[in-house]
Amino acid sequence: MTRPRGRPARGQGVTRDAILDAALALLDEDGDAGLTMRALAARLGVTPMSLYHHVTDRAGLLRALSDRLYGDVLQDADAAAGPVDGVRVLLTRYHDAVVAHPQLTLAIFAEPAAFAGASREITDRLTALLAAVTPAHLLWRDILVDHAHGSGLALIAARADAGCVDALREVYRQALDCLLAPFSRG
């Protein structure tokens, strides 16, 4: 198999969006181990070096994917009726994003340098919302994030059955309401 050499001809280069689309497809298909810069370049028909014009490294690629996929989690989250509702909105949206692309979450776990941008912003926003309702906000942040990850990642096994996925999403929402109930009183 021959691979393309050098930079593509003018106007025939790969775009950042194409890189992110292909990277997400590789993650979804083959998991974290399947997303290498070489595999990504091969999928796009370019040299691995041409990717570095758009992303700094693998961690930068994961950060860009995170920003793209988790960015919507933050939209209008401030419009919630109060801090508890804000936590509920934020975590429900985040859980849905984890369910949609669980391999991205696992890849970020494996590469701590990828935890930035939208991922960090979600954590910071959640921390601030919880600080408004409990002095143990850091503990509760960790509990609630772990719950969202555990529930979302557990849905990997249920992906074949859409009805099961919907039911498990509802179970997550009910459990989240139970966890947030002490903060809703008072």
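Please refer to the structure higher up on the page.
Residues numbered from 1 in each chain as written. Predicted model: local features only at pLDDT ≥ 70, side-chain atom pairs only at ≥ 80, totals over all residues. Heavy atoms only, no water.

A.B. asks: Help me understand the nonpolar core in this model?
C.D. replies: General note: in soluble globular proteins, nonpolar side chains tend to be found buried as a group. Judged by nonpolar contacts, the single largest core of 49 residues is most densely connected at Leu61 and Tyr70. Breaking this core down by element, the ones donating at least two residues are α1 (16–34), α2 (37–44), α4 (58–74), α5 (83–100), α6 (102–110), α7 (118–131), α8 (137–154) and α9 (162–184). Discounting residues that sit within four places of it in the chain, Leu61 has contacts with Ile19, Leu20, Ala23, Leu35, Met37, Leu40 and Val55. (Core = buried A, V, L, I, M, F, W, Y, C linked by side-chain atoms within 4.5 Å. Buried < 20%, exposed > 50% of the residue type's maximum accessible area, 1.4 Å probe, protein only. Helix = DSSP H or I, 4+ residues; strand = E, 2+ residues; numbered from the N terminus. Contact = heavy atoms within 4.5 Å.)

A.B. asks: What should I look at first to understand the side chain of Arg58 in this one?
C.D. replies: Mapped onto the fold, Arg58 is located in helix α4. Accessibility expressed as a relative area gives 18% for Arg58, which makes it buried. Among the polar contacts made by the side chain of Arg58, one reaches the side chain of Asp32 at a distance of 2.3 Å. When neighbours within four sequence positions are excluded, Arg58 is seen to be in contact with Asp32, Leu35, Met37 and Glu111. (Polar contact = N/O pair within 3.5 Å; in protein donor to acceptor, adjacent residues only side chain to side chain.)

A.B. asks: In this structure, what is going on with the packing of aromatic side chains? I would like to understand it.
C.D. replies: Here a ring pair, both rings aromatic, is described through the centre-centre distance and the interplanar angle of the planes. Following the criterion strictly, the structure yields 2 aromatic pairs and no others. Aromatic pair Trp140 and Phe183: ring centres 5.0 Å apart, planes at 90°, arrangement edge-to-face. A residue pair is termed long-range when its members are at least 10 positions apart, and Trp140 in helix α8 and Phe183 in helix α9 qualify at 43 residues. Here Trp140 and Phe183 have matching classes, each one buried. (Phe/Tyr/Trp six-rings, centres within 6.5 Å; stacked < 30°, edge-to-face > 60°.)

A.B. asks: Would you take a moment to explain the environment of Leu144 for this structure?
C.D. replies: You can see Leu144 is positioned in helix α8. On the basis of relative accessible area, Leu144 is assigned to the buried category, the value being 0%. Setting aside residues up to four positions removed in sequence, Leu144 forms contacts with Val87, Leu91, Leu130, Leu176, Leu179 and Leu180.

A.B. asks: Hey, could you run me through α5 in this one?
C.D. replies: Across its 18 residues, α5 extends 26 Å between first and last C-alpha, which sits within 8% of the 26 Å expected from 1.5 Å per residue. By the burial criterion, the buried members of α5 are Val84, Gly86, Val87, Leu90, Leu91, Thr92, Tyr94, His95, Ala97, Val98 and Val99. (Expected span 1.5 Å × (residues − 1).)

A.B. asks: Got a minute to help me understand the pattern of salt bridges in this structure?
C.D. replies: Pairing is possible between side chains that carry opposite charge, provided their charged atoms lie close to one another. Considering all chains together, one arrives at 11 salt bridges under this definition. Between Arg88 and Asp177 there is a salt bridge; the shortest N-O distance is 2.6 Å. Pair noted here: Arg88 is in helix α5 and Asp177 is in helix α9, with a separation of 89 residues, a long-range link. Residue classification places Arg88 among the partly exposed residues on the basis of a relative accessible area of 24%. For Arg173, the salt bridge identified is with Asp96, shortest N-O distance 2.9 Å. Within this pair, whereas Arg173 is found in helix α9, its partner Asp96 is found in helix α5, the two being separated by 77 residues in sequence. Asp96 sits in the partly exposed class, given a relative accessible area of 25%. (Salt bridge = Lys/Arg side-chain N within 4 Å of Asp/Glu carboxyl O.)

A.B. asks: So what exactly am I meant to see when it comes to the packing of α7 against α8 here?
C.D. replies: Between two packed helices, both the angle of their axes relative to each other and the distance between the axes serve to describe the pair. Following both chains from N to C, one finds α7 and α8 inclined at 130°, their axes separated by 9 Å at the closest point. The orientation of α7 relative to α8 falls into the category oblique. As α7 runs across α8, the sense of the crossing is right-handed. Counting all contacts with α7, which are made through Thr123, Leu126, Thr127, Leu130 and Ala131, the residues of α8 involved are His137, Leu138, Trp140, Arg141, Leu144 and Val145. Here the residues of the contact of α7 with α8 are counted per class, giving 7 nonpolar, 3 polar and 1 charged. (Axes fitted to C-alpha atoms, helices over the stretch in contact; angles between N-to-C directions. Parallel < 35°, antiparallel > 145°, perpendicular 65-115°, else oblique. Left-handed = near helix turned anticlockwise from the far one by under 90°. Nonpolar A, V, L, I, M, F, W, Y, C, P; charged D, E, K, R; others polar.)

Treat this as a map of the structure, not an account of what it does.
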